[in-house]
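Descriptive analysis of the structure
What follows is the residue order along each chain.
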Amino acid sequence: MRLENEPRARGLASNLAPLGWSLTHLQCRGLQEPRISLRLVCAAGWGRESIGRAGMEEGLVMRRIGCFVVPWLLLLCPGDVLRVHAAEILLKDGRILSGKPGVTAGMAEKPVPPSPDGSGPLQLIVFVDDDLRRTFVPKRQMREVRQDAAGQVLEKFVIPQRVSRAGRSVAAVGPSVRVTPFDEYGRRIFTMNTAQGQVDVIQGITEITPQWIKVEGLVAEGMSVVWDMRLATSSLPQETLARILARQIDPKNLEHRKRIAAFYLQTGRPDDAAKELEQILAEFTQNPEVQQQLDRLTRLVKQVAAQKLLEELELRRGAGQHGLVLAALKSFPSEGVAGENLQRVREIIGEYENWDSQRKTLVGKIDALLEQINESSLREAVRPIRDEIERELGPNTLGRMAAFNLSADDDALTPGERVSLAASGWLLGSDNATEKLPVAISSYKTRGFIRDYLCTADKLGRSGILELLAAEEAGIPPTVSKILAHMKPPAELPEADPAKPGFYRVELPGASAGSPRSYAVQLPPEYDPARRYPAIVTLHGLGRTPEQQIDWWAGEWDDKGRRQGQATRHGYIVIAPDWAVPTQKDYRFSLREHAAVLDSLHDACQRLSIDADRIFLSGHSMGGDAAVDIGLAHPHLWAGVIPIVARIDRYGEHYWPNAELVPFYFICGQLDGPAIVNNAMVWDRWMLRAYNLTVVEFLGRGHEAFSDEIQRLFDWMGRFKRDIRPREFTCATMRPWDNVFWWVELSQLPPKSMVDPASWPPGRGVQAVKTKASFTEGNGAYISTGAGQVTVWLSPELLNFEQPISVVVNGNRINRKQPYLEGDLETLLEDARTRADRQHPFWLKIDSATGRLAPGS
């Protein structure tokens, strides 16, 4: 498309904006030399956005909820570009996969493009290839396919290298022995173990795009290896990338320099793009018109940098890092920044100031009302609650005071009633606030007893506490469950290391000799025990440590003693159990390993404010094998499971139905030996049944950590919570300790179906014990199981306790004589103590034989 002059080009671009103009390439003529083309580019992955005509002047940024994009007019020279024709696949969970789509009938089959006439085998697995990796999902998890007819125009740098075109091909890549950093020529040494011993492969970067880097085997003396590997561009350190790009251009060539700026913008690094443009402005002064254009574009790029900073602060704010956010907002850049961004900054600062003002006002109103209460004993009883509110009231807890805030000036209520709304709202949550001051005071005492009960190891001591608690007016299951949901963790953390903020090494009580019974944990910045945080339980592989697992998720320590990784940014607690014995070389599927992981999680939940509905299990290599097995054996615990370079082995081939209600996200390398083929049978079952499964296969990669995928992982995790009340579920078990699924606990499991890991494989014809459970329309629960005994755990979250309840096990109603069920205080507290789930405690349990033959009978 040819345009006569720049103003006309600008106007046309504005008109094209609503149509997704970030995908369009316009060329202009009629400008002064040197000849300049206009390319509309946007940061990769930011999507489309509309912008009006005025948006071309001084970079008016149009925002939308959750993401932004600004189409940029960059003055570029014609150069190497990559036009990517792709599609966007919108999934039911809200994710968007972009790339070249295809279908396959099975995970071990060769992926192919869709057949136009629909012929061939039934293909219920969809994949998207973005030249870095293939992402596979069930076809029935798709919601919509959006075709990209124009194609994205991306900068591409082709780096001349002596590439091996003939010789030995890499068929499989295990764990690397050594990988050197890339030098300024884009070359490195990859050392791997082979049947012939260690081999050094010389690799070189041959292509760089904003999204991926192509790395190939180079010709070397005595060794030519054919190998095409892809890495995410974001995985390259900025200084390394800058050195490599600097050798691909003539620094005195204006057009070359502008390509670098465009590239940085497309990679989502607007700060680097702005710096490059500023350097161009400083170095190229011979053309005033170009200077004027670049000056305007520099301001535009600075705006997108400011917008990106604002979105980062919004993310940190959502993660509860309010001090960091407020400090950054007060020093937010203002020069040349779009007015709407500055307005948003002022709004957020105003909200923080309003919160602080509210806190002081609310505490002041409580003090004034306390003075109006004549009974001194009541005033003194409320004083500790008032002091706690003053200390801990803030952005994370202000919602608890909503009921009091609405009624604080209501003269229709007595001062005591209004104070009660404040105290009880603080202890029980605003929705459960009561006007009965004695109940509020009793709730405070009850909370203390609950904390003592949960931290007391001996049964006799707990019995004494239970008697005191039952004598309190608030010592009843409905009130106790609300206190549990709003109290801080009952157990203390060990002493912190001042050099490592938020990092703890915790020794588990009752550790036995020779068994690893400790874990490492990293808290996010500004951790507040009054706020619930999502958590990741991560399991190390062979030769790695729990601390290295935390580094992978939360980032390594920088020179200022901070972590800057994704778990830090998103506000996740990272728990890394020391789950393997020192000599262990593979996962053993044992009770000891399960206990090491689950006991660590249980202890962490007693010490930390963890959102029980957002706990994710992950692991690398041997730890990934463990994550698969433990995730399938205890599916009710996890919001999702993330195995990285993992095998589905042994029990996983029998437990595959257990994944129906827990999402899995597998990451693997295309050249990781037979791993993909070995996992394919179970993956196919999940895919064909439309379980929530994602399999990511990195092209040309082997057995490695895949930090390239971590940003997409957090996008995925942010979409899921554990389902605590599935309407129905089916689970399989072949080990005695895999016996709890949501609200059903099994015992007296038939010995012929139980297979000890040391006795694997199972004998001919051995089948897993199947259990099916569901809630009925008539306020009932139905269980069908092959176990000899079942314990049914219930609470008002699951069934309505105010109506008759029917619990049926293997066709027999087991509560026929007691259709109305009531909570039991001791059962509730013991459940909170043993499971450490203070958000969803069970109130009662019903034990019953199932009619199956008990062991030995």
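Bear in mind the structure is a predicted one, so any value in this text is a computation, not a measurement. (Residues numbered from 1 in each chain as written. Predicted model: local features only at pLDDT ≥ 70, side-chain atom pairs only at ≥ 80, totals over all residues. Heavy atoms only, no water.)

**Remarks on the packing of aromatic side chains**
The test is simple: By convention, a stacked pair of Phe, Tyr or Trp rings (six-membered ring in the case of Trp) has centres within 6.5 Å and planes under 30 degrees apart, an edge-to-face pair has planes over 60 apart, and any other such pair is tilted. Each residue gets one of three labels from its accessible area relative to the maximum for its type: buried under 20%, exposed over 50%, partly exposed in between, using a 1.4 Å probe on protein chains only. Under the scheme used here, helices are H or I runs from DSSP no shorter than 4 residues and strands are E runs no shorter than 2 residues, and both carry numbers assigned from the N terminus. To sit over a ring, a charge needs its Lys NZ or Arg CZ within 6 Å of the ring centre and within 35 degrees of the ring normal.
Here the structure, examined in full by the defined rule, presents 27 aromatic pairs. An angle of 40° between the planes, with centres 5.6 Å apart, marks the rings of Phe127 and Phe136 as tilted. As far as the burial class goes, Phe127 and Phe136 line up, both buried. Judged by centre distance (4.6 Å) and plane angle (25°), the rings of Trp743 and Phe775 are stacked. Linking Trp743 in the loop between strand 32 (740-741) and strand 33 (744-747) with Phe775 in strand 34 (residues 769-776), this pair joins segments that are 32 residues apart in sequence. Both residues of the pair, Trp743 and Phe775, belong to the buried class. Put simply, the rings of Trp579, Tyr587, Phe589, Tyr651, Tyr655 and Trp760 pair up and form one aromatic cluster. Positioned above the aromatic ring of Tyr352, the side-chain terminus of Arg317 is 5.6 Å from the ring centre. Positioned above the aromatic ring of Trp426 is the side chain of Arg400, whose terminal nitrogen or guanidinium carbon lies 4.8 Å from the ring centre.

**Here we look at the side chain of Arg607**
Condition: In protein, a polar contact requires one atom able to donate a hydrogen and another able to accept it; more generally it is a pair of N or O atoms within 3.5 Å, and residues adjacent in sequence count only if both atoms are side-chain atoms.
Relative to the helices and strands, Arg607 is located in helix 16 (residues 591-607). Arg607 sits in the buried class, given a relative accessible area of 17%. Here the side chain of Arg607 touches Glu492 through a polar contact of 2.4 Å, landing on its backbone oxygen. Looking at Arg607, its side chain comes within polar contact range of the side chain of Asp603, at 2.5 Å.

**Describing helix 7 (residues 339-371)**
Basically, it comes down to this: Expected helix span is computed as 1.5 Å times (number of residues minus one).
In a regular helix each residue adds 1.5 Å, so 33 residues correspond to 48 Å; helix 7 covers 48 Å between its end C-alpha atoms and thus fits that length. Asn341, Leu342, Arg344, Val345, Ile348, Ile349, Tyr352, Leu362, Val363, Ile366, Leu369 and Leu370 are the residues of helix 7 that are buried.

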